[in-house]
Amino acid sequence: NWMALLFLSLLLVAWCGRRNQSGIAWSKSAMNLKMPLGLYDCASFLRKNTNRGDIVQFSKNDSYLMLAAFSERNTFILHGELNSGAQIDAEKARFAKVRSILSEVDVTKAMGRAKDSGIDYVVLAPDDQPAWRNDPLNPAAFESHGYAIFHTQIGATARRIKRDM
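Counting of residues starts from 1 at the beginning of each chain's written sequence and follows it residue by residue. Reporting of local features is limited, given that this is a predicted model, to residues whose pLDDT is at least 70; pairs of side-chain atoms are given and counted only at 80 or more, and all residues count toward the totals for whole chains, interfaces and linings. Only heavy atoms go into the side-chain values, all of them from the structure, while hydrogens and water stay out.

*Asks:* Would you take a moment to explain the packing of aromatic side chains for this structure?
*Replies:* The way to describe two aromatic rings as a pair is by their centre distance and the angle between their planes. Any two rings among Phe, Tyr and Trp, with Trp reduced to its six-membered ring, count as a pair given centres within 6.5 Å; such a pair is stacked if its planes are under 30 degrees apart, edge-to-face if over 60, and tilted if neither. Counted according to the given criterion, the structure contains 4 aromatic pairs. With a centroid separation of 5.6 Å and 75° between ring planes, the pair formed by Tyr40 and Phe70 is classed as edge-to-face. Of the two residues, Tyr40 sits in helix H2 (residues 37-49) while Phe70 sits in helix H3 (residues 66-71), which places them 30 residues apart along the sequence. Throughout, exposure labels follow a simple rule: accessible area from a 1.4 Å probe, protein chains only, divided by the maximum for the residue type, with under 20% read as buried, over 50% as exposed, and the rest as partly exposed. Overall, Phe70 belongs to the partly exposed group, its relative accessible area being 39%. In this text, helices come from DSSP runs of H or I with a minimum length of four residues, and strands from runs of E with a minimum of two, each type numbered from the N-terminal end.

See below:
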């Protein structure tokens with residue numbers, strides 16, 4: 001019967017090619033990633049309300065490039081998770097600069113350090129609580145689900161939005 005022969009040949013092709021369908025070696029770690037809603041909202045806000053040349057820095061390492069990709073903005077520093085190897089000295093220095101911004105007590109000094117580094121916006125995760133996070137001198141330009149965006153030019157934030165649903 002030709003139908004049975006066709007079925008068996010297709011089954012044989014599928015069985016022989018089963019290893020070819022597994023993808024590249026690192027693909028499993030880049031699949032089914034979950035992006036927190038607040039981070040996505042921040043990325044959307046940045047994409048719609050900032051200039052293409054603006055530099056954005058997430059307080060955490062954006063290892064899967066989520067904020068950078070969805071906001072379509074450049075970052076000061078990030079170290080990708082996939083195929084990136086160990087951090088080089090220049091990356092370590094930039095991460096140290098971000099830590100110094102987050103550890104600063106005074107909002108003016110923190111935003112000054114960020115601005116001096118070329119950073120236009122700092123995005124904080126919910127568990128990041130620098131001393132300047134709630135300073136009335138420079139309130140968040142946007143907040144969503146614990147994530148917050150701060151403009152490094154104090155007083156430049158024209159639009160302040162808070163979204164927690």
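*Asks:* Could you clarify how one ought to interpret the pattern of salt bridges in this entry?
*Replies:* Note on pairing: side chains with opposite charge can pair once their charged atoms come close. We count a salt bridge whenever a side-chain nitrogen from Lys or Arg sits within 4 Å of a carboxyl oxygen from Asp or Glu. Enumeration over the complete set of coordinates arrives at 5 salt bridges. For the salt bridge of Asp127 with Lys60, the shortest nitrogen-to-oxygen distance reads 3.3 Å. With a gap of 67 residues between them, Asp127 in the loop between strand S3 (121-124) and strand S4 (142-144) and Lys60 in the loop between strand S1 (55-58) and H3 connect regions that are remote in the sequence. The exposed category is assigned to Asp127, whose relative accessible area is 56%. For Lys60, a relative accessible area of 30% translates into the label partly exposed. Among the ionic pairs, Lys115 bridges to Asp120, the shortest N-O distance being 2.9 Å. Assessed through its relative accessible area of 32%, Lys115 is described here as partly exposed. Put simply, Lys60, Asp127 and Asp128 are held in one network by salt bridges that share partners.

*Asks:* Hey, could you run me through empty space enclosed by the protein in this one?
*Replies:* A water-sized probe rolled over the atoms picks out the places where empty space is left. Lining residues are those with an atom within 4 Å of a point, where the points come from a 1 Å grid over the protein atoms alone and group into cavities, where a 1.4 Å probe fits but cannot get out, or pockets, open sets with protein on both sides within 12 Å along at least five of seven lines. Grid points are joined across faces, edges and corners, and a volume is the space filled by probe spheres set on the points. The tally for this structure, following the rule as stated, stands at 1 cavity of 30 Å³ or more. Roughly 40 Å³ of internal volume is contained in the largest cavity. Contributing to the lining of the largest cavity are Gln57, Phe58, Ser59, Val98, Ile101, Leu102, Ile119 and Val122. A total of 3 residues in the lining of the largest cavity trace back to one element, the largest contributor, which is helix H4 (residues 89-103). Tallied by class, the residues present in the lining of the largest cavity amount to 6 nonpolar, 2 polar and no charged. Polar here means any residue other than Ala, Val, Leu, Ile, Met, Phe, Trp, Tyr, Cys and Pro, which are nonpolar, and Asp, Glu, Lys and Arg, which are charged; Gly is therefore polar.

*Asks:* Can you walk me through the environment of Ala125 in this structure?
*Replies:* The residue Ala125 is located in the loop between S3 and S4 in this model. For the pair Ala125 and Ser144, spaced 19 residues apart in sequence, the C-alpha separation works out to 9.9 Å. Pairs of residues are marked as contacts when any of their non-hydrogen atoms sit within 4.5 Å. With residues near it in sequence (within four places) discarded, Ala125 still touches Phe58, Ser59, Lys60, Arg133, Gly146 and Tyr147.

*Asks:* It is not clear to me how unusual backbone geometry should be interpreted in this structure. Could you clarify?
*Replies:* When glycine is set aside, most residues are seen to have a negative phi, and most peptide bonds are trans. Non-glycine residue Leu65 carries a positive phi angle of around 60°. For Leu65, a relative accessible area of 39% translates into the label partly exposed. Residue His145 is not a glycine yet carries a positive backbone phi of 50°. As for its position among the elements, His145 is in the loop between S4 and strand S5 (147-151). You can call His145 partly exposed: its relative accessible area is 26%.

*Asks:* Can you help me understand the confidence of the model for the protein in this one?
*Replies:* For any part of a model where pLDDT is low, the fine detail of the predicted coordinates should not be relied upon. Per-residue confidence from the prediction method is given by pLDDT, with values spanning 0 to 100. For the protein, mean pLDDT is 86; residues scoring 70 or higher make up 83% of the total. Predicted confidence in the protein is weakest over strand S6 (residues 161-163), with a mean pLDDT of 52, and strongest over S3, with 97.

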